[in-house]
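# Residue-level structure breakdown
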2 protein chains.
Amino acid sequence: MSLRRQLAELLVLRCSGHQLDQQRRYPQWELSNSELRHWLSEGVGGVILLGGSAAELALRCRQLQQWARTPLLLCADVEEGVGQRFDGASWLAPPLALAGLHRRDPAAATALARAYGRCTALEARALGLNWVLGPVCDVNNNPANPVINVRAWAETAESAAALSQAFAGALQSCGVLGCAKHFPGHGDTASDSHLELPLIPHGRQRLDAVELAPFRSAIAGGIAAVMTAHLLLPELDAARPATLSAAVLQQLLRQELGFEGLVVTDALVMEAITSRYGAGEAAALAFEAGADLILMPADAGAALDALEEGCRSGRFSPQRLQQSLARRRAALTRTQPGPLTAQEGLDQLAALAPQHQKLNQQLLSCSLECQGQGPPTGPGLNLIRVDNSLQCPALPLQAPALLRPTQAGFQPRLMDDLAGPWASAGLGDGPVLLQLFVRGNPFRGNSDGGTPWRALVESLLAEQRLAGLVIYGSPYLWRELKPLLPKALPAVYSPAQMPAAQALALQAMGLEGASDDSGFTD
Amino acid sequence: MSLRRQLAELLVLRCSGHQLDQQRRYPQWELSNSELRHWLSEGVGGVILLGGSAAELALRCRQLQQWARTPLLLCADVEEGVGQRFDGASWLAPPLALAGLHRRDPAAATALARAYGRCTALEARALGLNWVLGPVCDVNNNPANPVINVRAWAETAESAAALSQAFAGALQSCGVLGCAKHFPGHGDTASDSHLELPLIPHGRQRLDAVELAPFRSAIAGGIAAVMTAHLLLPELDAARPATLSAAVLQQLLRQELGFEGLVVTDALVMEAITSRYGAGEAAALAFEAGADLILMPADAGAALDALEEGCRSGRFSPQRLQQSLARRRAALTRTQPGPLTAQEGLDQLAALAPQHQKLNQQLLSCSLECQGQGPPTGPGLNLIRVDNSLQCPALPLQAPALLRPTQAGFQPRLMDDLAGPWASAGLGDGPVLLQLFVRGNPFRGNSDGGTPWRALVESLLAEQRLAGLVIYGSPYLWRELKPLLPKALPAVYSPAQMPAAQALALQAMGLEGASDDSGFTD
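Residues numbered from 1 in each chain as written. Chains lettered and ligands numbered in written order. Predicted model: local features only at pLDDT ≥ 70, side-chain atom pairs only at ≥ 80, totals over all residues.

Take the overall build of chain A next. On a plain count of helices and strands, chain A comes out with 18 helices and 14 strands. Rg of the C-alpha trace for chain A: 23 Å, near the compact-globule value of 24 Å for 522 residues, within the 12% margin. The dimensions of chain A, computed from C-alpha atoms along their principal axes, are 75 × 50 × 45 Å. The buried share of chain A, taken over its 522 residues, is 60%. For chain A, long-range pairs separated by at least 24 residues make up 77% of all intrachain contacts whose partners lie at least 6 apart in sequence. (Helix = DSSP H or I, 4+ residues; strand = E, 2+ residues; numbered from the N terminus. Rg over C-alpha atoms; globule rule 2.2 N^0.38 Å. Buried ≥ 20, exposed ≤ 12 C-beta atoms within 10 Å, placed from the backbone. Contact = placed C-beta atoms within 7 Å.)

Given below as structure tokens:
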């Protein structure tokens, strides 16, 4: 096999889960079908899928495998169940839903984390994925963290280690590879590595005590892969971000932590890396630093050129390449194939649906917090905040958050970033039921021009117009706003946003089911 | 075969194109998979599909055919190309796009209507449908019509007859059945039969001169099916709506117009019928009046009970049933089967995509109207009106209507029915580029509490703040607003709403392509 073909095995390229080129949501980032066929025929060994439904994913995985000449690694960011990305599969409450239960009842929480991993694995395998890019092993110990938040399993090292390991163990026992991320720990950042390079000021002692614990646990449990973080840790390497740092990947991860599996970069296309190093050199630097797989290079051809040049020039040893190829092959032998046809996979999914809906109800129930006396009564306004109403899987037309308050006399009003400033929202002067779908960082709202939730709640309270409050997502926003509320005011928090979470939250507030949203309750 | 099983062949039930029960958008109207399997095993002979993508439809059609014991009629309301309902297939400019061209160049318009029919048929067949519920044969001669509008091929009987027949002929020559609708003509109504029963006051002479012409043409061309309208025509039948009227279906359609094919009801679940007659009796009345197929009965079991009782009691003759069954079998023999697997169908679709995109560009180009001098220049507001931002296939995140004005300094602002009253929109005091996605009836805006477009445009003009106007959809709104505009003001009209229409309309206004929306231009 040619050198270039061997190197191509180490690339993981991005493709839409949709079948047709014109369905791609991000055509500038998602390869066209002819490009995909080209790269797979050149030996590219992995694909990361985003977009499309469960049915489309099932067809797509089989199509990609048919286009490739050798078995592929097929992965997706389905940290919160396959339905998080692929409609029709199970979309579970986010991992942080278990953090509170783990404090109260560690055994029960760990059992649910195992069920979470099993659910994700069985559905991934049925549809054709053999690699789940999870668990998140980051300890979410910075409430201002804009990218981890409810994706983490816990806010303490011990809980995060126990829960992420329970998830990963169950996942891999079903023949689907896991991936501990983002090494060496992305929990204590307040900036977004999609946009800039965050800095972690901690030294080894602190990293050992907090950040590294879940990764040690994952490695001890036999995790198949570890994903690197685009973070600068000056105490470990003053010059290079973790993804490109031999100090982090070789010394810390391989030698000190003894990890023998696959090291995969986070998406190299991310600004923090690409803008600084260029598409080809970023890939070469990552490989030189110790990464085995190159995820989403900004330019696959440039990445291959740079890797090939590095091999020919002696920058990388032949052993280094063979090691990475061997690790990839070893990982593939740990996977179990899914059913032959897409329809068989979907039939498996349908058969699993009842028990997975039940699992989600358990996750939702154990993480729900509520207070006050409901139900809120209208007439009034049902003011719903989402990031972008044009892309809002949490709000199908029959969503409980829309239908149930309407039954109680609250007219729905949708507010997103495209709806203009709050000040002009025309909130009238009647009661307002406020539903906030917020998972990002709520604490920079005032400073970065976002929405002043706290001020809005205070002003509605002052006018005695706040009829109720529901927060779907951030526990930090809940912790900030809850102390402001009178004890009797109906208020609910759920870490999850999907319709089933809405049904449960509004039920807790006394807003009964509408006939049309019955599909979302169990 | 039992009587009940024979009767079941005459039902056409509704099902979601999605694979999984939890994906249904309207669970109260869409059968669950277990209900579907039940009814198909009982011999139900037809299914109408709504919802899901092209890939999902392709899987679903094969699944339904496998569940049934005999060949099914599989239909959908894809009057504007299969992509109108199933994402990934071709979504074409609406039929009315050809009305103007047909006045200027009848031969060119007719050729495009044939290509329209061929495109729809080839994609329908590839995915697994064998029956397209089109063409609309209604002559849209009432600008206040809330349900037909751009779905019609023309505003005159002659053009509507020529274009709908060109479409239907091409459709059926590709082995896909057509369906002329809504008999005897739904063009001259100002109320919505989904909600109430509209009344057509015309007598035979006027019907002959206008409404019936396209149906005569369709029948002469060998149309396989005719769909009845839920309309009251007192001059023909003072008591019963057309769907339930022997005077309309037997005397007019069968005897006078000589139609020998399948008569199918419009959806019996519609309020105009169900609330008046009940689920079972509505089906029995339709069959008694002369319908062969019962579309979307409000309750399949009740419909079968009533039909069975009618047969046993002698209300319907045995010959009547055998006639309908024979017509259904005859229609099925005219269909050509699609490819065996869903993936083969999708591969066919992908191969057809370039020529179908070219067809759509032709439809868009010939129907575009523009005036004034562009481009509009910001900074300002890009005010976009849609019916419902939560369900808006015209606006994917990379839609030209969002991206291109942003490049010219116009910040997007979305206004829909859930965004609250216009008065409170906080439109600031800078230039406003107004983009209206409006296909319904714009003339009742003021009287029914909707949005006063005319007043908004007048007020922005008075303040010299209207930077540009684009109307996607209703030609009637364009005709109303255009006279208000200064000649130099950049203004564009397109009957279509999809991203390709936006790209062309904004291009005509001088707003060049953004790098990210390149997928929507050819």
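Further notes follow.
Residues and elements named next belong to chain A. Strand order in the open sheet formed by 5 strands is E4-E3-E2-E1-E8, with parallel pairing between adjacent strands. The open sheet has two edge strands, strand E4 (131–132) and strand E8 (294–295), and neither has a second partner. Here 2 bridges tie strand E1 (residues 11–16) to E8, and the two strands are oriented parallel to one another. By the bridge assignment, Leu11 is partnered in E8 with Ile294. (Pairing = 2+ DSSP bridges.)

Residues and elements named next belong to chain B. The parallel open sheet is built from 3 strands, whose spatial order is E5-E6-E7. Strands at the two margins of the open sheet, each flanked by one partner only, are strand E5 (180–183) and strand E7 (262–264). Recorded for the sheet is a direction-independent mean angle of 25° between the axes of neighbouring strands. Examined bridge by bridge, E5 and strand E6 (residues 225–228) share 2 bridges and lie parallel to one another. For Ala180, the partnering residue across the bridge sits in E6 and is Val226. (Axes fitted to C-alpha atoms, helices over the stretch in contact; angles between N-to-C directions.)

All names here are of chain B. Burial analysis of helix H15 (residues 400–407) places 6 of its 8 residues in the buried class, which makes it a mostly covered element. Burial in H15 covers these residues: Pro400, Ala401, Leu402, Leu403, Arg404 and Pro405. Summarising the contacts, the buried residues of H15 are in contact with strand E10 (380–385), strand E11 (410–415), strand E12 (432–438) and helix H18 (499–508). Immediately beyond the C-terminal end of H15, within one or two residues, lies Gly409, with a positive phi of roughly 95°.

What follows covers the pairing of strand E10 (residues 380–385) of chain A. Residues and elements named next belong to chain A. The buried fraction of E10 is high, at 6 of 6 residues. Pairing of E10 with strand E11 (residues 410–415) involves 6 bridges; the strand directions are parallel. Looking across to E11, one finds that Leu381 is bridged to Gln411. Crossover E10 to E11 through helix H15 (residues 400–407) is right-handed. In the sheet, E10 pairs with strand E12 (residues 432–438) via 5 bridges, with the strands oriented parallel. If you follow Asn382 over to E12, its bridge partner there is Leu433. (Right-handed = clockwise from strand over helix to strand, strands pointing away.)

Here we come to the environment of Arg404 of chain B. Residue and element names in this part refer to chain B. Considering the arrangement of structural elements, one finds Arg404 in helix H15. According to the C-beta neighbour criterion, Arg404 is buried, with 26 such atoms within 10 Å. Between the C-alpha atoms of Arg404 and Ala286, which are 118 residues apart in sequence, the distance is 51 Å.

The next subject is unusual backbone geometry. Residue and element names in this part refer to chain B. The step from Gly134 to Pro135 runs through a cis peptide bond, and the omega angle for that step is 10°. By secondary structure assignment, the location of Pro135 is in the loop between strand E4 (131–132) and helix H6 (157–173). In the segment running from Gly374 into Pro375, the intervening peptide bond is cis, with an omega of -10°. Among the structural elements, Pro375 can be located in the loop between strand E9 (369–371) and E10.

Another point: the confidence of the model for chain A. All names here are of chain A. Looking at chain A as a whole, the pLDDT averages 92, with 94% of positions reaching at least 70. Every residue in residues 442–449 scores below 50 in pLDDT, and together they form 15 contacts with partners more than four places removed in sequence or on other chains. Reported confidences for the modelled complex are a pTM of 0.94 and an ipTM of 0.92. (pLDDT = per-residue confidence, 0-100.)

With that out of the way, let us pick up the nonpolar core. Core analysis: the largest hydrophobic core is formed by 378 residues, its most contacted members being Ile294 of chain A together with Ile294 of chain B. Discounting chain neighbours no more than four positions away, the residues touching Ile294 of chain A are Leu10, Leu11, Val12, Thr265, Leu268, Ala283, Ala286, Phe287 and Ala303 of chain A. (Core = buried A, V, L, I, M, F, W, Y, C linked by C-beta atoms within 7 Å.)

With that settled, consider the domain arrangement of chain A. When its domains are assigned, chain A resolves into domain 1 (11–341) and domain 2 (368–520). The C-alpha-based centres of domain 1 of chain A and domain 2 of chain A are spaced at 33 Å. (Domains from an automatic or database assignment.)

In this section: the packing of helix H5 (residues 106–127) of chain A against helix H14 (residues 342–367) of chain A. All names here are of chain A. Between H5 and H14, whose axes approach to 10 Å, the crossing angle comes to 160°. On the basis of their axis angle, the class for H5 and H14 is roughly antiparallel. Like other packed secondary-structure pairs, H5 and H14 cross with a definite hand, here left-handed. Across the interface between the two elements, Leu112, Ala115, Cys119, Leu122, Glu123, Ala126 and Leu127 from H5 touch Gly345, Gln348, Leu349, Leu352, His356, Leu359, Gln362 and Leu363 from H14. Split into classes, the residues belonging to the contact of H5 with H14 amount to 10 nonpolar, 4 polar and 1 charged. (Parallel < 35°, antiparallel > 145°, perpendicular 65-115°, else oblique. Left-handed = near helix turned anticlockwise from the far one by under 90°. Nonpolar A, V, L, I, M, F, W, Y, C, P; charged D, E, K, R; others polar.)

In this section: the packing of helix H6 (residues 157–173) of chain A against helix H8 (residues 212–220) of chain A. Residue and element names in this part refer to chain A. Relative orientation of the contacting elements H6 and H8 amounts to 30°, with a least axis distance of 8 Å. Comparing their axes, H8 and H6 come out roughly parallel. Judged by the sense of rotation from one axis to the other, the crossing of H6 with H8 is right-handed. Taken together, the residues of H8 that come into contact with H6 (itself represented by Ala157, Ala160, Ala161, Ser164, Gln165 and Ala168) are Ala213, Pro214, Ser217 and Ala218. Considered class by class, the residues forming the contact of H6 with H8 number 7 nonpolar, 3 polar and no charged.

Moving on: the environment of Gln65 of chain A. Relative to the helices and strands, Gln65 of chain A is located in helix H3 (residues 54–67). Along the backbone, Gln65 of chain A and Val47 of chain A are 18 residues apart, and their C-alpha atoms lie at a distance of 9.9 Å.

Turning our attention to the environment of Lys181 of chain A. Residue and element names in this part refer to chain A. Note that Lys181 resides in strand E5 (residues 180–183). In this structure Lys181 comes out as buried when scored by C-beta crowding, with 26 C-beta atoms within 10 Å. When the C-alpha atoms of Lys181 and Thr265 are compared, they prove to be 9.7 Å apart, with 84 residues separating the residues in sequence. Beyond its immediate chain neighbours, meaning those up to four positions away, Lys181 contacts Leu133, Val136, Cys137 and Met227.

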